[in-house]
Amino acid sequence: MNILITVATYFPLKDGVQKVTQYQAENLVKLGHNVFVITSNCGGKFKDKEKINGVNIYRVDATNKNMLHFGDYQQYKKRVYDIIERENIDVMMNVCLESFSADWVLKFISNLKCKKILMMHSMHDFRWNKIDFSSFSNCTKKILRDIRGGMFYKSNINTIKKYDAYIHLHEDDYSLNFFKKYKIDNNYIIYNAADDVFFENNVIKKNMIINVGSYNSRKNQKGVMKIFYEASTKDYELVLIGNPSNKYYDDLIKLKKTFDKKFEEKKVTILCNIDRKTTIDYLKKSSIYLSASTWEGFPISIVESMAAGGTFISTDVGILNKIPGGVVSDDYNKLVDYLSEFCNNGYKENSLIAKEYASNNFVQIKQVKKLEKVMKKVLEE
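Residues numbered from 1 in each chain as written. Predicted model: local features only at pLDDT ≥ 70, side-chain atom pairs only at ≥ 80, totals over all residues. Heavy atoms only, no water.

> I'd love a proper account of the packing of aromatic side chains, names of residues and values included.
One pass over the structure, following the stated rule, counts 24 aromatic pairs. Here Tyr174 and Phe178 contribute two aromatic rings whose centre-to-centre distance is 6.3 Å and whose plane-to-plane angle is 35°, an arrangement assigned as tilted. Placement of the pair is Tyr174 and Phe178 together in helix H5 (residues 174-181), with a separation of four residues, close to one helical turn. Centroid distance Tyr229 to Phe263: 6.1 Å. Interplanar angle 35°. Geometry classified as tilted. (Phe/Tyr/Trp six-rings, centres within 6.5 Å; stacked < 30°, edge-to-face > 60°. Helix = DSSP H or I, 4+ residues; strand = E, 2+ residues; numbered from the N terminus.)

Dropping the structure here:
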């Protein structure tokens with residue numbers, strides 16, 4: 001098959017959607033398909049065209065910010081048309097509604113001569129959670145996102161129905177239930193997955209708690225640090241890994257000094273822009289993944305931690321309350337208690353459950369073959 005994937009972020013940018021899309025694209029190449037990707041040039045920082053691990057990558061002037069899209073829409077539209085016609089594309093997969101990579105396609109989707117799949121990494125959640133009431137800022141952002149999201153889906157729901165298939169991250173994903181409510185059929189489930197390197201069994205675990213993700217208020221590393229300092233963590237170290245080096249990163253450095261004075265001094269390592277190999281090494285050696293995110297869909301870093309035999313403690317976001325091998329709560333005091341319990345009385349039972357579940361469900365090639373099967377099915381139809 002000749003496959004076109006449109007996605008807002010792709011390597012060398014780094015985030016959860018990028019990781020998943022990249023391993024999907026590269027494994028589809030290994031399965032014998034021709035894969036083309038259209039993504040952002042990040043303000044001209046990256047090459048307009050290059051080939052990475054067999055994937056043909058085209059970059060355009062486009063970006064997302066605060067649920068809005070900026071850049072050259074006409075350039076993006078032309079690029080989509082050109083690749084579909086020139087490369088005789090069989091299937092196009094647009095990644096993430098509420099992103100230019102899919103939203104801009106909606107404007108001309110009826111004219112595209114190929115099969116079309118929408119890959120959801122969850123979606124805006126219109127339900128109110130405890131975290132939304134935690135501050136005036138969070139409450140205001142929630143209201144604004146509800147308004148924007150409501151307007152978007154009301155005006156586009158009939159166009160969204162023009163896709164041939166829809167892929168969701170989990171059977172209990174909010175996006176799947178939302179689509180069913182609007183009688184959108186042809187839904188499929190494909191889990192996020194971890195690289196084979198995470199499933200190695202000869203890694204010695206350390207007394208390490210880890211969190212991986214871009215430094216920002218949604219990932220809420222400040223909350224992670226607060227939980228760590230308030231918990232009884234014995235000789236455990238907290239490692240935060242993220243990018244970029246920004247004001248939020250600077251605030252974390254200052255917050256550590258504040259917490260060292262307010263509580264007792266603890267070992268906290270805050271890393272920025274480190275290479276993937278080093279990140280993998282930290283994830284494999286860590287025992288506990290600690291997350292305080294205000295929103296997640298199906299966080300790939302927790303998937304990777306589970307594959308490496310780590311348990312997780314997290315706010316109740318996305319589908320994490322449906323995944324065994326960890327604990328979730330929106331009560332910060334409970335998260336503190338969970339972390340104290342794991343550090344003092346053990347976590348290995350949860351880790352074994354997490355590892356087994358990951359081995360059965362989070363292997364990349366298994367999930368990519370599911371994606372390939374969906375693509376072949378829509379072609380046959």
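There's more to say after this.
> Residue-level account of the side chain of Glu98, with values.
Within the element layout of this structure, Glu98 appears in the loop between strand S7 (91-95) and helix H3 (100-106). It is Arg148 that comes nearest to the buried, bridge-free Glu98 among opposite-charge side chains, at 5.1 Å. Polar side-chain contacts of Glu98 include one of 3.0 Å to the backbone nitrogen of His124. There is a polar contact of 2.6 Å between the side chain of Glu98 and the side chain of Tyr153. Not counting residues up to four positions away in its chain, the partners in contact with Glu98 are Met67, His69, Asp103, Met123, His124, Arg148, Phe152 and Tyr153. (Buried < 20%, exposed > 50% of the residue type's maximum accessible area, 1.4 Å probe, protein only. Lys, Arg positive; Asp, Glu negative; His and termini not counted. Salt bridge = Lys/Arg side-chain N within 4 Å of Asp/Glu carboxyl O. Polar contact = N/O pair within 3.5 Å; in protein donor to acceptor, adjacent residues only side chain to side chain. Contact = heavy atoms within 4.5 Å.)

> Account for the pattern of salt bridges, with residues named and values stated.
This structure, assessed with the given rule, holds 16 salt bridges. Asp103 is the partner of Arg148 in a salt bridge, and the nearest nitrogen-oxygen pair spans 3.9 Å. Within this pair, whereas Arg148 is found in helix H4 (residues 136-160), its partner Asp103 is found in helix H3, the two being separated by 45 residues in sequence. Here Arg148 falls in the buried class, since its relative accessible area comes to 18%. When its relative accessible area of 7% is taken as the criterion, Asp103 is described as buried. Between Lys222 and Asp251 there is a salt bridge, with its nearest N and O atoms 3.4 Å apart. One end of the pair, Lys222, is in helix H6 (residues 221-230); the other, Asp251, is in helix H7 (residues 247-262), and 29 residues separate them in sequence. With relative accessibility at 18%, the residue Asp251 sits in the buried group.

> Describe the pairing of strand S11 (residues 208-212), and please don't skip the residues or the numbers.
Most of S11 sits out of view: five of its five residues are buried. In this region the chain leaves S11, passes through H6 and returns to the parallel neighbour strand S12 (residues 237-242); the handedness of that crossover is right-handed. Taken together, the two bridges between S11 and strand S14 (residues 288-291) define a ladder with parallel strand orientation. Its bridge partner lying in S14, Ile209 is registered against Ile288. (Right-handed = clockwise from strand over helix to strand, strands pointing away. Pairing = 2+ DSSP bridges.)

> So what's going on with the environment of Val91? Residues and values would help.
Mapped onto the secondary structure, Val91 falls in strand S7. In this structure, the C-alpha to C-alpha distance between Val91 and Met151, residues 60 residues apart in sequence, is 29 Å. Other than its neighbours up to four places away in sequence, Val91 contacts Met1, Asn2, Ile3, Leu4, Lys115, Ile117, Met375, Val378 and Leu379.

> I'd like a rundown of the environment of Gly43, residues and numbers included.
Note on placement: Gly43 falls in the loop between strand S2 (34-40) and strand S3 (49-52). With a relative accessible area of 75%, Gly43 lands in the exposed category. Sequence separation of Gly43 and Tyr73 is 30 residues, and the distance between their C-alpha atoms is 14 Å.

> Tell me about the sheet that holds S11, and please be specific about residues and values.
Pairing between sheet strands relies on hydrogen bonds along the backbone, with the strands arranged either parallel or antiparallel. Taken together, six strands build an open sheet; the order of strands is S13-S12-S11-S14-S15-S16 and the sheet is parallel. Looking along the sheet, the strands with just one partner apiece sit at the ends: strand S13 (268-272) and strand S16 (326-328). For this sheet, the mean inter-axis angle between neighbouring strands, taken without regard to orientation, is 20°. The strands touched by H7 are S12 and S13; relative to S13, the strand with the most contacts, the crossing angle is about 165°. (Axes fitted to C-alpha atoms, helices over the stretch in contact; angles between N-to-C directions.)

> I'd love a proper account of the side chain of Ser351, names of residues and values included.
You can see Ser351 is positioned in helix H11 (residues 348-361). Classification of Ser351 by relative accessible area gives buried; the value is 7%. When neighbours within four sequence positions are excluded, Ser351 is seen to be in contact with Ser287, Gly309, Gly310 and Thr311.

> Pulling in residues and values, what's your account of the nonpolar core?
Looking at soluble globular proteins, one finds that nonpolar side chains tend to be buried together. In terms of nonpolar packing, the biggest core is built from 62 residues, with Val37, Met93, Ile117, Ile167, Met306, Phe362 and Met375 touching the most fellow members. Apart from the residues within four sequence positions on either side, Met375 is in contact with Met1, Ile3, Leu28, Val91, Met93 and Ile117. (Core = buried A, V, L, I, M, F, W, Y, C linked by side-chain atoms within 4.5 Å.)

> Break down H11 for me, citing the residues and quoting the values.
Taking 1.5 Å of rise per residue, 14 residues should cover 20 Å, and H11 covers 20 Å from first to last C-alpha, within 8% of that figure. Listed as buried for H11 are Ser351, Ala354, Lys355, Tyr357, Ala358 and Asn361. Against the buried residues of H11 lie helix H9 (300-307), strand S15 (311-314) and helix H12 (364-380). (Expected span 1.5 Å × (residues − 1).)

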